[in-house]
Amino acid sequence: MVPSHWAAGSAQTPSRRRGAVLERAILEAALDQLGTAGWNGLTMEGVAAGARTGKAAVYRRWSSKEDLVADALRSGLPDFDTVPDLGSVREDLLELCRRARDAMYSRPGSALRSVIHECDTTQAERFHAVIIEGVVEPTLKMLREVVNRGMERGEVRRDAANGYIFDAIPAMMMYRSKICASEWTDRELEEMIDQLMVPLLRPRGP
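Given the structure is predicted, the values throughout are model-derived calculations rather than measurements.

UniProt's entry tags residues 20–80 with the feature "domain: HTH tetR-type" (unreviewed entry), counted in the numbering of this structure. Helix makes up 79% of residues 20–80 and strand makes up 0%, while its end C-alpha atoms are separated by 24 Å.

On to the UniProt feature "DNA-binding region" (unreviewed entry) in the protein chain, then. Here, UniProt's "DNA-binding region" (unreviewed entry) annotation points to residues 43–62. Its end C-alpha atoms 12 Å apart, residues 43–62 is made of 70% helix and 0% strand.

Counting residues in hydrophobic clusters, the biggest one holds 30 residues, and the most contacted among them are I26, L68, V69, L73, V115 and F127. Listed by contribution, the elements that provide at least two residues to this core are helix 2 (19–41), helix 3 (44–50), helix 4 (55–61), helix 5 (65–76), helix 7 (107–118) and helix 9 (128–153). Per-element accounting of this core gives the leading share, 9 residues, to helix 2. When neighbours within four sequence positions are excluded, L73 is seen to be in contact with L31, P108, A111, L112, V115, F127 and V130. The next biggest cluster of nonpolar side chains, apart from the first, holds 28 residues, and it includes L93, C97, A160 and A168.

What follows covers the pattern of salt bridges. Working definition: two side chains of opposite charge can pair if their charged atoms are close together. Enumeration over the complete set of coordinates arrives at 21 salt bridges. Put simply, D71 and R74 hold a salt bridge, and the shortest N to O gap is 3.0 Å. One end of the pair is D71 and the other is R74, both in helix 5 and 3 residues apart, which spans about a single turn. A relative accessible area of 46% places R74 in the partly exposed class. Put simply, R90 and E91 hold a salt bridge, and the shortest N to O gap is 2.6 Å. Given the relative accessible area of 27%, E91 is considered partly exposed. What emerges from the salt-bridge pattern is a single network uniting D85, D92, E145, R149, R153 and E155.

What follows concerns empty space enclosed by the protein. Unoccupied space between atoms shows up once a probe the size of one water molecule is rolled over them. Under the counting rule described, the total for this entry stands at 1 cavity of 30 Å³ or more. Considered as a void within the structure, the largest cavity measures approximately 40 Å³ in volume. Elements with a minimum of two residues in the lining of the largest cavity: helix 9, helix 10 (163–178) and helix 11 (186–201). It is helix 10 that contributes the most residues to the lining of the largest cavity, 3 residues altogether. When grouped by side-chain class, the residues that make up the lining of the largest cavity number 8 nonpolar, no polar and no charged.

Along the chain, K178 turns up in helix 10. For the pair K178 and H117, spaced 61 residues apart in sequence, the C-alpha to C-alpha distance is 9.1 Å.

About the criteria used
The residue numbering used here restarts from 1 in each chain and proceeds along that chain's sequence as written. Thresholds applied to this predicted model are a pLDDT of at least 70 for local features of residues and 80 or more for the giving and counting of side-chain atom pairs; totals over whole chains, interfaces and linings are not thresholded and use all residues. Side-chain numbers here rest on the full set of heavy atoms in the structure, without hydrogens or water. UniProt positions are given in the numbering used here, feature names are shortened, and annotations may be inferred rather than shown by experiment. Strands are runs of DSSP state E lasting at least 2 residues, helices are runs of H or I lasting at least 4, and numbering of each runs from the N terminus. Joining through side-chain atoms within 4.5 Å is the link that ties buried Ala, Val, Leu, Ile, Met, Phe, Trp, Tyr and Cys residues into a set, and such a set is a nonpolar core. Note on exposure labels: buried denotes an accessible area under 20% of the residue type's maximum, exposed denotes more than 50%, and partly exposed covers the range between, all computed with a 1.4 Å probe on protein chains only. Here a residue-residue contact requires only that any non-hydrogen atoms of the pair lie within 4.5 Å. When a carboxyl oxygen of Asp or Glu is within 4 Å of a side-chain nitrogen of Lys or Arg, the pair counts as a salt bridge. Two kinds of site are reported from a 1 Å grid over the protein atoms alone, namely cavities, where a 1.4 Å probe fits but cannot get out, and pockets, open sets with protein on both sides within 12 Å along at least five of seven lines, and residues are called lining when an atom falls within 4 Å of a point. Grid points are joined across faces, edges and corners, and a volume is the space filled by probe spheres set on the points. Residue polarity is assigned by list, with Asp, Glu, Lys and Arg as charged and Ala, Val, Leu, Ile, Met, Phe, Trp, Tyr, Cys and Pro as nonpolar; anything else, Gly included, falls into the polar class.

The structure is reproduced here in structure tokens:
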């Protein structure tokens, strides 16, 4: 029979994590630190402590803070792969904006904003591909599909599928979030769609 004090000690000792389980814990800890301490406050030591592992375990997988943060952002960003189809271009755009807003203020979104706002130009270039591939391109792809579907229904004029139209929503949301401290309530999203996007897309009269 195992002595009771041995059994108690074993129960209090966490099992050693390896492989994907440990990597996930480190990536989660990196996102947590970005959200609370920001890019400038994030350290490899702090991430290791947050993941309850040693600093060596972090450095074995990521040789630099930049590499770790890039992988953490990739792992945490939401999937933008399902295009809404709610019956009208207005409702589809509004749903896309809600998803974008929720992503912006999620933990990965907060981490991404920290990187964008705090990194210098050289550092930010390292995350350019993460931002383009993980956020910008999927968003633009969905916007194009919504606008093209609106053309087929006759809600959108044929010359509306251009880069300026597709940039309008992301640019407005980023500008008001960063400069005006807007958190994009549902009402603000509706006003943007009704007062900006619908008039921009609507077919011209005879």
